[in-house]
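Notes for the structure review
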Amino acid sequence: MTDLAALHEKAKGEGKICAVGAIIRDARGRVFVHRRGPDRRFLPGCWDLVGGHVEAGEDLLTALRREIEEETGWALSGTPALMHVEDWVADGPNGPEPHREFDFCVEVAGDLGRPRIERPKHVEFRWIGPEETSILDENRGADGGFIRRIVEIALSRADAMAQGQ
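All of these numbers come straight from a predicted model, not from anything done at the bench.

Structural notes on the overall build of the protein chain
Helix and strand counts for the protein chain stand at 3 helices and 7 strands. Counted from the first residue to the last, the protein chain has its helices and strands arranged as α-β-β-β-β-α-β-β-β-α. Its C-alpha radius of gyration of 15 Å places the protein chain within 12% of the 15 Å reference for a compact globule of 165 residues. Taken over the C-alpha atoms alone, the protein chain extends approximately 40 × 40 × 25 Å along its principal axes. If you take every contact in the protein chain between residues at least 6 apart in sequence, the share linking residues at least 24 apart comes to 67%. Of the roughly 8,700 Å² of accessible surface on the protein chain, 50% is carried by carbon and sulfur atoms. Between the averaged position of the 22 positive side-chain charges in the protein chain and that of its 30 negative side-chain charges there is a distance of 2 Å.

In structure tokens, the structure reads:
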């Protein structure tokens, strides 16, 4: 198993701001995405995964658990599986801010048909399958295609697992 604490410490040691993302799938294998509010500083009006920054004193899984609860009202259940790690840069108040995002496939407990989205930070949600990933192109490249890429990775892995590969 990957040592998450070591990965987190390495990222911080490299000057990265750490973030987590949750790949949440429903019983049909679709992935949950929600649209950021139009007044958000970062990626306004764009589709996104559940997640956010790791706060001081948190480890990756604590941040993941907190973000899922804050953004959906659901509770993390089971053991999250690290699916993808990627570096990206956002414009901060003092210039470019390098990030390292750790994306996990997770299971959640709660009514998947009724997330408690964090308004006005998020304004709508969808469950999307492989044939619907083009909706993520609405981000107009503001995310460098990151969200679509992560969702497609998650969907392809789900398909492979369903086929026993």
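Read on, since the account is not over.
Focus on the pattern of salt bridges
Summed over all chains, the structure comprises 19 salt bridges. With a closest N to O distance of 3.3 Å, Glu70 and Arg66 form a salt bridge. Of the two residues, Glu70 and Arg66 both sit in helix α2 (residues 60–72), 4 residues apart, roughly one turn of that helix. Measuring nitrogen to oxygen at the nearest pair gives 3.8 Å for the salt bridge that ties Glu118 to Lys121. Classification of Lys121 by relative accessible area gives partly exposed; the value is 40%. Through salt bridges with shared partners, one network takes in Lys10, Glu14, Lys16, Asp87 and Arg100.

Section: the side chain of Glu71
With respect to the helices and strands, Glu71 occurs in helix α2. Buried charge without a partner: Glu71 forms no salt bridge, and the closest opposite charge is Arg40, 6.0 Å away. Side chain to side chain, Glu71 and His34 meet in a polar contact 3.3 Å long. Within the structure, Glu71 has its side chain in polar contact with the backbone nitrogen of Gly51 (distance 3.1 Å). Once residues within four sequence positions are removed from consideration, Glu71 is found in contact with His34, Leu49, Val50, Gly51, Arg116, Ile117, Glu118 and His122.

A few points about α2
If you check α2, its first and last C-alpha atoms are 18 Å apart, about what 13 residues at 1.5 Å a residue would give, namely 18 Å. Among all positions in α2, only Leu60, Ala63, Leu64, Arg66, Glu67, Ile68, Glu71 and Thr72 are buried. Between the side-chain oxygen at the start of α2 and the backbone nitrogen of Leu61 there is a gap of 3.2 Å, and the oxygen is on Asp59. With its phi angle positive at about 85°, Gly73 sits one or two positions after the end of α2.

Cut-offs used in this document
- Residues numbered from 1 in each chain as written.
- Predicted model: local features only at pLDDT ≥ 70, side-chain atom pairs only at ≥ 80, totals over all residues.
- Heavy atoms only, no water.
- Helix = DSSP H or I, 4+ residues; strand = E, 2+ residues; numbered from the N terminus.
- Rg over C-alpha atoms; globule rule 2.2 N^0.38 Å.
- Contact = heavy atoms within 4.5 Å.
- Areas by Shrake-Rupley, 256 points an atom, 1.4 Å probe, with all protein chains shown as cover.
- Lys, Arg positive; Asp, Glu negative; His and termini not counted.
- Charge placed at Lys NZ, Arg CZ, Asp CG, Glu CD.
- Salt bridge = Lys/Arg side-chain N within 4 Å of Asp/Glu carboxyl O.
- Buried < 20%, exposed > 50% of the residue type's maximum accessible area, 1.4 Å probe, protein only.
- Polar contact = N/O pair within 3.5 Å; in protein donor to acceptor, adjacent residues only side chain to side chain.
- Expected span 1.5 Å × (residues − 1).

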